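One-letter residues, chain by chain:
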Amino acid sequence: MKRDIGVVMDPIGSIKIAKDSTFAMLLAAQRRGWSLWYMELGDLCLLAGKAQAQMRPLSVTDDPAGWFRLGDPERRPLGTLDTVLMRKDPPFDMEYVYGTYLLELAAADGCLVVNDPRTLRDANEKVFAAHFPDCAPPLTVTRSAAVLREFIAGHGDTVLKPLDAMGGRSIFRVRSGDPNTGVIIETLTDHGQRFCMAQRFIPEIAQGDRRVLMVDGAPVPHVLARIPSGDDARGNLAAGARAEPAPINAREREIAARVGPELRARGVLFAGLDVIGNWLTEVNITSPTCIREIDRAYGTDIAGDLMTGIEAKLGAR
């Protein structure tokens, strides 16, 4: 059945299609003959009691010389679309939250929003790991310098990070006695005005921060290990880490089995679990990546599997 699928994303002209998971989703939907509709966050509005958007028809081509074409814009209710992919990257700020309010109204009008707007608000990608304490490393979330110093002293080697960013931005490794501890805490908490997270450092990061992709609560059978460069401890591709595809291991399957039912119950059709060693460090639900790297390595079609899941959800309505 032909479907109308919208996407809310960052400017499509600025993406790197070789590694952009949103682009993989658009290609997969187009292969099914679905109509694509392009939006940025600023295109959403509430008018006459309906969530609407200034949207443009979109076609995509897997060609770095010219990967998209946009048609003329038209304003229409989001409820006239079968589904909307919310793929706007963090920062997760109030503008993002306001967007989820409008998408929630679209969902009330019958549009399937992927992922569920309420869960995008409720399940912070850093803090949500704490819902699975048997899977997560020791951690704290606080604005208090005293609590952070106590945590660092207790664990000796820690990672401090903001709650609203992505791509390794503003992530610090802090050891007990580090003379920069004070300024790092001041920077992350804005002198006690903002929450941040501290986690115990996991030495297995040297073997990679492994991204386990989840489609409707089930893990993809391959992962992407993001292995830090020699002069940086961060396992983020945006921070210079090396990508290495690999089969999923037994511990990652255990974590996926633990987290998957909760994702499914919360309307999360596509997620990325970050696993270092034996520990779940993040649950990414805003705009998880790594589809294209895994597909190239193993000939999979992860975005196609997601479209199958979306079609099943629509068909069950």
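My aim in this report is to walk through the structure given alongside it, one point at a time.

### Points about the sheet that holds strand β10 (residues 157–162)
One key point about sheets: their strands pair by backbone hydrogen bonds, in either a parallel or an antiparallel sense.
Next up, step 1: On the basis of which strands lie adjacent, the open sheet formed by four strands has the order β9-β12-β10-β11 and antiparallel pairing. Two strands close off the open sheet at either side, each with one partner strand: β9 (139–142) and β11 (172–175). Geometrically, the sheet is characterised by an average inter-axis angle of 25 degrees between neighbouring strands, direction not taken into account.
Next up, step 2: Relative to strand β12 (residues 196–200), β10 is paired through five bridges, and the arrangement is antiparallel. For Thr-158, the partnering residue across the bridge sits in β12 and is Arg-200.

### Digging into the pairing of strand β18 (residues 279–284)
Next up, step 1: With respect to burial, β18 is a largely interior element, five of its six residues being buried.
Next up, step 2: Direction of pairing for strand β17 (residues 270–276) relative to β18: antiparallel, over a ladder of five bridges. Pairing of Leu-273 across the sheet is with Val-283, part of β18.
Next up, step 3: Here β17 hands over to β18 after two residues, with Gly-277 in that stretch at a positive phi of 60 degrees.

### Topic: the environment of Gly-71
Next up, step 1: One can find Gly-71 in the loop between β5 (68–70) and β6 (74–77).
Next up, step 2: You can call Gly-71 partly exposed: its relative accessible area is 21%.
Next up, step 3: Considering only alpha carbons, one finds Gly-71 and Asn-180, 109 residues apart in sequence, at a separation of 52 Å.
Next up, step 4: Not counting residues within four places of it along the chain, the set of residues in contact with Gly-71 comprises Arg-56 and Pro-57.

### Here we look at the environment of Ala-206
Next up, step 1: Summarising the element assignment, Ala-206 is placed in the loop between β12 and β13 (209–215).
Next up, step 2: Judged by relative accessible area, Ala-206 falls into the partly exposed class, the value being 49%.
Next up, step 3: In this structure the C-alpha to C-alpha distance between Ala-206 and Cys-196, which are ten residues apart in sequence, comes to 24 Å.

### Let's talk about the packing of aromatic side chains
Next up, step 1: Under the criterion given, the structure shown has four aromatic pairs.
Next up, step 2: Here Tyr-98 and Tyr-101 contribute two aromatic rings whose centre-to-centre distance is 6.2 Å and whose plane-to-plane angle is 40 degrees, an arrangement assigned as tilted. A residue pair is termed a helical-turn pair when its members lie 3 or 4 positions apart in one helix, as Tyr-98 and Tyr-101 do in helix α2 (residues 94–108) at three residues.
Next up, step 3: For Arg-76, the ring lying beneath its charged end belongs to Trp-37, and the centroid distance is 4.7 Å.
Next up, step 4: Above the ring of Phe-195, the side-chain terminus of Arg-143 is found at 5.5 Å from the ring centroid.

### Some details on the nonpolar core
Next up, step 1: Core analysis: the biggest nonpolar cluster contains 40 residues, and Met-39, Leu-44, Leu-78, Leu-263, Leu-273 and Leu-280 have the highest contact counts within it.
Next up, step 2: Broken down by secondary-structure element, the contributors of at least two residues to this core are β2 (35–39), β4 (50–60), β7 (83–86), α2, β13, α6 (250–265), β17 and β18.
Next up, step 3: When residues no more than four places from it in sequence are discounted, the contact partners of Leu-273 are Arg-210, Arg-211, Val-212, Met-214, Ile-255, Ala-256, Val-259, Leu-263, Leu-280, Glu-282 and Val-283.
Next up, step 4: Formed by 37 residues, the second largest nonpolar core is a distinct cluster that contains Ile-15, Leu-27, Tyr-38 and Leu-314.

Parameters and conventions
- Residues numbered from 1 in each chain as written.
- Predicted model: local features only at pLDDT ≥ 70, side-chain atom pairs only at ≥ 80, totals over all residues.
- Heavy atoms only, no water.
- Pairing = 2+ DSSP bridges.
- Helix = DSSP H or I, 4+ residues; strand = E, 2+ residues; numbered from the N terminus.
- Axes fitted to C-alpha atoms, helices over the stretch in contact; angles between N-to-C directions.
- Buried < 20%, exposed > 50% of the residue type's maximum accessible area, 1.4 Å probe, protein only.
- Contact = heavy atoms within 4.5 Å.
- Phe/Tyr/Trp six-rings, centres within 6.5 Å; stacked < 30°, edge-to-face > 60°.
- Lys NZ or Arg CZ within 6 Å of the ring centre and 35° of its normal.
- Core = buried A, V, L, I, M, F, W, Y, C linked by side-chain atoms within 4.5 Å.

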